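Coordinates in review
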Amino acid sequence: MGDWGLDRIMAFWGHHLIMVAVWLTLTLSLNLINGFCGLFSLGHQGFWAVGAYTAALTLVYVPAAGAPVWLAFVLSFPLAMLAAALFGLLVGLPCLRLKGDYLAIATLGFSEILRNLIQNSKTLGQSLGMSFPNIIRKSVEERRTFYFIYLVLAWLVVALTLVVLRNLVHSSHGRAIQAVRDDERAAELLGVNLTRYKVLVFVIGAAFAGLAGALFANYNSQVTPEDFSFNAGVLMVVMVVLGGMGSFTGTAVATVLLYFAPVFLALWLPTIKVPVFYDPTQGGTVFRGLKELWQVLFSLLLIIVVLVRPQGVMGGHELRWPWAARKKGTEKDAEQVAVPGEALPGAADAAHRPRDFALPGQTPLLVAERLTKRFGGLTAVSDFSVTLLPGEIVGLIGPNGAGKTTVFNLLTCVYAPDAGRIALAGQDLRRLSPDRVTAGGMARTFQNIRLFSQMTVLENVKVGYEVHTRAGLAKSIIRDRSFREEEQRIDDGAHSLLRLLGLEEQAGTLSRNLPYGQQRKLEIARALATSPRVLLLDEPAAGMNDSESAALRELLLQIRERFGLTMLVIEHDMPFVMGLAGRLLVLDDGVVIAQGTAAQIRSNPAVIEAYLGRDED
Amino acid sequence: MTDFCNYLLNGLSLGCIYALIAVGYSMVYGIVKLINFAHGEFYMVGAFVGYYVLCLAFGGTPNGADLGLLPVLVALLCAGAATGLLGVSVERVVYRPLRASGRIVALLAALGVSLLLQNGGQQTVGPQDRAYPHTFTFQRFPRTPVQPESIQPGQQAAADVAIVYTRPVEGGKETIVENLANRGNPISESACARMREVLSSAAAQGCEATVYSYPAVTVSNAQGLILLALVLTTAALYLLVQHTRFGRAMRAVSHDFEAASLMGINVNRVVAGTFLVGAIVAGIGGTLAGGMYYNQAGPLMGLMPGLKAFVAAVFGGIGSVPGALLGGLLLGTFEKLVEAYCSSLYSDAFTFALLILVLLVRPSGILGQPPSDKI
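Here the structure is a predicted model, which means the values were calculated and not measured.

Right, let's talk about the overall build of chain A for a bit. Each helix and strand in chain A was counted, giving 22 helices and 14 strands. Principal axes of the C-alpha set define a box for chain A whose edges measure 100 × 60 × 50 Å. Relative to its 617 residues, chain A shows a buried fraction of 48%. Considering only contacts within chain A whose residues lie at least 6 apart along the sequence, 75% involve residues at least 24 apart.

Following this line, the structure appears as structure tokens:
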């Protein structure tokens, strides 16, 4: 190894350990956006650049204005975070409606615009960037002290990032964020405000990238546009993907591995050269060293990982302390758990009480009048009206394509009606967003089950509590007593709901591993968590056999008693819905063709014709 | 006004290049809903295949003799073939296994392929840009020959004047265009002297030399060739997509992947064929860009044009071939006009700002159709 004095060793390790800390801050914050919220951002390097350049500007102009140098140093960090957070807001807001690859390209676009602006700005030094004196370096005598100070600072930053992000993820906000990733529409209908969380994720992710930028700028004493290139951004993304999106452990492991791989390649195998190409125009065989080939190997690695193990090293799991409960993964065989008509717990569960809407007597709870919805030339629903009295169960039946799910979408304000109005407990629902409708007391389940597939059974139900949650962001991060008490209440409530529906044993299973019938019940449990007054059920018995649907019917009746619910049920299973609902509406081609009791509907000629057709005479 | 026309023509040329790349993006996206990030690198590979064919098979050098049209056509053919093969291989090895895996995973794989080709290029052909071998001298048209005697020093030049002559070099003849006077400026003594010098040495060597005057707005033969390539490609694609069985299959698959496979269409072959066609067109675009427009090729040359062609494809309507062509032409023109009238530094920023605007306001683009989303 040659002549390596202690100083050189310290400089080598010090430098790399500090830089890996910068990268860890970047990838952990990126994991929040990409991994936990599923917003695939390719522009994280832009936030890093904003933070670094803001810090640089602070370090250059604050002392120039006469303030002491240590003040510039101290100010550079919060200012960098603030500037980056603002840029995160700027990027996040327009990207709200974008999905998947379009979002990726848009974030890339923002980052490229930023880099273009930086590269052309004289204040920012254009291509040469900005250099400034290193405050710490100048204040200490020995190089080793300099490295030591930055090591401590760098790893404090990493620790801060990890603690804040982890606390955020393990709170109701974190669950909401993951729900947005797994199924936006379902999350919205459980009371999650999509706009708020998507923007939040961008702002927080950007803020910590900005912090990394401040750290980098201060340590490096120099910022150039090349430091924040698209390649750097891709490297960050690959680190997150390789480690497993949605896993802090995975991100950390992958970041360290991918950062040090080229370093060690250069250190241990500097002289090996391999022939890579034969080029007569360049004079024959071309040789390259392993360090140079690292980029090529890295790209190959990305392709192989994506092909072979796209969930990354950790697969979205975290490394836990051995004595903590583990998430049950795909290896577990989920058994069928039968739910006979279970006796309900006697006393009303204190953790879960329906909210009090205080309606007198027989005032209708849900009133829909003359709802109409057109899609282009097709009228999906025409003049639909229904009145639900408190405690009623009304069935909505009709042939496929009649518009039943569209009615649900109108009632929950997923679609805006072209005509008509809806009132829930007297409150006009027009122009409300779906999450506000849920907060107002109307919850639903879906025809195609829309569970949050990457979250556990328990977490799915907990998301339903979003409408109740009071703990703000700061409290969630600091974890004060009121936060912990609320988390405990949510936990208790969720467990009691699962117990009610016979799912408590599966609390730790990933929801996508449940058998079909139990997934349907989980959807119901989740909807119940929002403390609804009205529950809209879209084909809850689909795919169930006779005994299962009978048990479900019993369960729904019990739930109505227990929680004082009113229900509107779409179904195709006639025995099921006729034994459940007091009254039925028949929809055909968007129009209500009959209303009445089961007996009346069964013998109604219009209904028979709609389902079975008419004799051609 | 004449300036505007010249910028416009330059922009249209660049637009043709973007259109050729954008077509591949659009076709692939229409069929498999994948943004093939590596498409810009197909363009780069095409440029390099063309480079090597011209250098090794025809002995081309940056400052050497005119090669003429035939070597260019051969280079285009080889570039198209090689890139097509590359495109099909990438699809088969990387994208096909991931077809069911979700858009983000496929995007990551495409990113990986793109990086592999870029970095692979840097390590094989080297990171520096290379000057493209000289194919033919760019000459502007229309032009009228003028009598050398009418060029006198001190006169105000009524039009751009240049002398076009050939001279023998190693490997053949080289055509040179030397500017003598610019419209609106006086003709200098040295220019006249140079003209006489060239005329006499050309006569002595038995080569041609003519003095031409040019109108304010001209088109170069290189621009013409690029435009011709685009027109021919458009025609070929139109015939392919609208009037062949394969084209019908492509349209079916892009409307509904599953239904098409249930109708007996071999979707794997359709997807492979789409990648093939898209890559061939990008490869041809690469050689044209390297040889006729930029006059150089480098391993990273596909990065920005690739991104911009993607913007063009989205702008014109992703999934639509006419949309990609229109988007490419418009974007190239837009970029050059912004460079000329606002600032050449910020044209990249404007392009990306346009992308974001399109994604927010009308994501389906000019000619695309808005998608529907069933709850």
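Now that the structure has been shown, the text picks up again.
Over its 15 residues, helix H12 (residues 347–361) of chain B runs 21 Å from end to end, which matches the ideal 21 Å to within 8%, given 1.5 Å per residue. Among the residues of H12(B), those classed as buried are B:Asp348, B:Ala349, B:Thr351, B:Phe352, B:Leu354, B:Leu355, B:Ile356, B:Val358 and B:Leu359. Tucked into the core, H12(B) has its buried residues touching helix H4 (100–120) of chain A together with helix H10 (303–316) and helix H11 (321–341) of chain B.

This part takes up the domain arrangement of chain A. Under the domain assignment used here, chain A contains domain 1 (6–228), domain 2 (230–318) and domain 3 (366–612). Domain 2 of chain A and domain 3 of chain A are separated by 48 Å when their C-alpha centres are compared.

Bringing the sheet that holds strand S6 (residues 378–388) of chain A into the picture now. Residues and elements named next belong to chain A. Across the sheet, which stays open at both edges, the 4 strands sit in the order S6-S5-S8-S9 with antiparallel pairing between neighbours. Taken across any chain shown, the strands that pair with only one partner, and hence form the sheet edges, are S6 and strand S9 (427–428). In this structure, strand S5 (residues 366–375) lies alongside strand S8 (residues 419–424), joined through 5 bridges in antiparallel fashion. Looking at S8, one finds that Leu 366 is bridged to Leu 424. Sitting on the sheet, helix H13 (residues 404–411) touches S5, S6 and S8, and the angle it makes with S6 is about 65 degrees.

Below, the discussion takes up the interface of chain A and chain B. Interface size, as often reported, equals the accessible area lost upon joining of the parts. Listed per partner, the contact involves 41 residues of chain A and 37 residues of chain B. Mapped onto the side of chain A that touches chain B, the elements with two or more residues apiece are H4, helix H10 (230–243), strand S3 (273–279), strand S4 (284–289), helix H12 (290–308) and H13 of chain A. With 13 residues, H4(A) is the largest single contributor of residues to the side of chain A that touches chain B. Residues belonging to the side of chain A that touches chain B are distributed by class as follows: 25 nonpolar, 10 polar and 6 charged.

Taken as a whole, chain B is organised into domain 1 (2–135 + 221–361) and domain 2 (143–214). The C-alpha-based centres of domain 1 of chain B and domain 2 of chain B are spaced at 38 Å.

Turning to the packing of helix H1 (residues 2–32) of chain B against helix H6 (residues 221–243) of chain B, a few remarks are in order. All names here are of chain B. Running from N to C, H1 and H6 cross one another at 35 degrees; their axes reach a closest spacing of 9 Å. In this structure, H1 meets H6 at a crossing whose hand is left-handed. Facing H1, whose interface residues are Leu 9, Ser 13, Cys 16, Ile 17, Ala 19, Leu 20 and Val 23, H6 presents Gln 223, Ile 226, Leu 227, Leu 230, Thr 233 and Leu 237. Residues of the contact of H1 with H6, tallied by class, amount to 10 nonpolar, 3 polar and no charged.

So, on to the confidence of the model for chain A. Summary statistics for chain A give a mean pLDDT of 84 and a share of 91% for residues scoring 70 or more. Taken together, the stretch residues 323–360 of chain A has pLDDT below 50 and engages in 53 contacts with residues farther than four places along the chain or on a different chain.

The next thing to look at is the pairing of S4(A). The two faces of a sheet get side chains in turn, since along a regular strand they alternate between them. Residues and elements named next belong to chain A. The pairing of S3 with S4 spans 6 bridges and is antiparallel. Looking at the pairing, Pro 275 lines up with Phe 287 of S4. As consecutive antiparallel partners, S3 and S4 are separated by 4 residues, and within that stretch Gly 283 has a phi angle of approximately 95 degrees, a positive value.

So, on to helix H2 (residues 39–58) of chain B. Residues and elements named next belong to chain B. Here H2 contains 20 residues, and its C-alpha end-to-end distance of 28 Å stays within 8% of the 28 Å for a straight helix at 1.5 Å per residue. Of all 20 residues in H2, 18 are buried, a share of seventy percent or more. Directly after H2, the chain includes Gly 59, whose backbone phi takes a positive value near 65 degrees.

Turning to the sheet that holds strand S10 (residues 442–444) of chain A, a few remarks are in order. Residues and elements named next belong to chain A. Reading across the sheet, the 6 strands line up as S10-S11-S12-S7-S13-S14 and stay open at both edges, with mixed pairing between neighbours. Two strands bound the open sheet, and with one partner strand each, they are S10 and strand S14 (591–596). Here the strands of the sheet are splayed against their neighbours by 20 degrees on average, with no regard to which way each runs. Of the pairings in the sheet, the one linking strand S7 (residues 393–397) to strand S13 (residues 583–588) comprises 4 bridges and is parallel in character. Residue Gly 395 lies in a different strand from S13, and its bridge partner there is Leu 584. Against the sheet, H13 touches S7, S10, strand S11 (534–538), strand S12 (566–570) and S13, its axis set at about 150 degrees to S11.

Residues and elements named next belong to chain A. Between H10 and helix H11 (residues 248–268), whose axes approach to 7 Å, the crossing angle comes to 130 degrees. What the angle tells us is that H10 and H11 run oblique. Of the two elements, H10 crosses H11, and the hand of that crossing is right-handed. Where H10 abuts H11, its residues Leu 235, Val 238, Met 239, Val 240, Leu 242 and Gly 243 lie against Gly 250, Thr 251, Val 253, Ala 254, Thr 255 and Leu 258. In terms of residue class, the contact of H10 with H11 is made up of 8 nonpolar, 4 polar and no charged.

Quick look at the nonpolar core now. A:Ala84 and B:Ala19 are the most contacted members of the largest nonpolar core, which totals 290 residues. In terms of residue count, helix H9 (residues 194–220) of chain A provides more of this core than any other element does, 17 residues in total. If we ignore the near neighbours within four places in the chain, the residues touching B:Ala19 are B:Leu230, B:Ala312, B:Ala324, B:Leu325, B:Gly328 and B:Leu329. Membership of the second largest hydrophobic core comes to 12 residues, among which are B:Ala162, B:Ala181, B:Ala209 and B:Tyr212.

Moving on, we get to the confidence of the model for chain B. Residues and elements named next belong to chain B. In the predicted model, chain B carries a mean pLDDT of 87, and 98% of its residues have values of at least 70. When mean pLDDT is taken per element in chain B, helix H3 (residues 69–95) scores highest with 94 and strand S5 (residues 172–181) scores lowest with 83. Scoring the predicted complex yields pTM 0.84 and, for the interface, ipTM 0.86.

Let's shift gears to the environment of A:Val414. Residues and elements named next belong to chain A. Residue placement: Val 414 occurs in the loop between H13 and S8. Classification of Val 414 by C-beta neighbours within 10 Å gives partly exposed; the count is 18. Distance in space between the C-alpha atoms of Val 414 and Asp 435 is 9.4 Å, their sequence separation being 21 residues.

The rules behind each value
- Residues numbered from 1 in each chain as written.
- Chains lettered and ligands numbered in written order.
- Predicted model: local features only at pLDDT ≥ 70, side-chain atom pairs only at ≥ 80, totals over all residues.
- Helix = DSSP H or I, 4+ residues; strand = E, 2+ residues; numbered from the N terminus.
- Buried ≥ 20, exposed ≤ 12 C-beta atoms within 10 Å, placed from the backbone.
- Contact = placed C-beta atoms within 7 Å.
- Expected span 1.5 Å × (residues − 1).
- Domains from an automatic or database assignment.
- Pairing = 2+ DSSP bridges.
- Axes fitted to C-alpha atoms, helices over the stretch in contact; angles between N-to-C directions.
- Nonpolar A, V, L, I, M, F, W, Y, C, P; charged D, E, K, R; others polar.
- Left-handed = near helix turned anticlockwise from the far one by under 90°.
- pLDDT = per-residue confidence, 0-100.
- Parallel < 35°, antiparallel > 145°, perpendicular 65-115°, else oblique.
- Core = buried A, V, L, I, M, F, W, Y, C linked by C-beta atoms within 7 Å.

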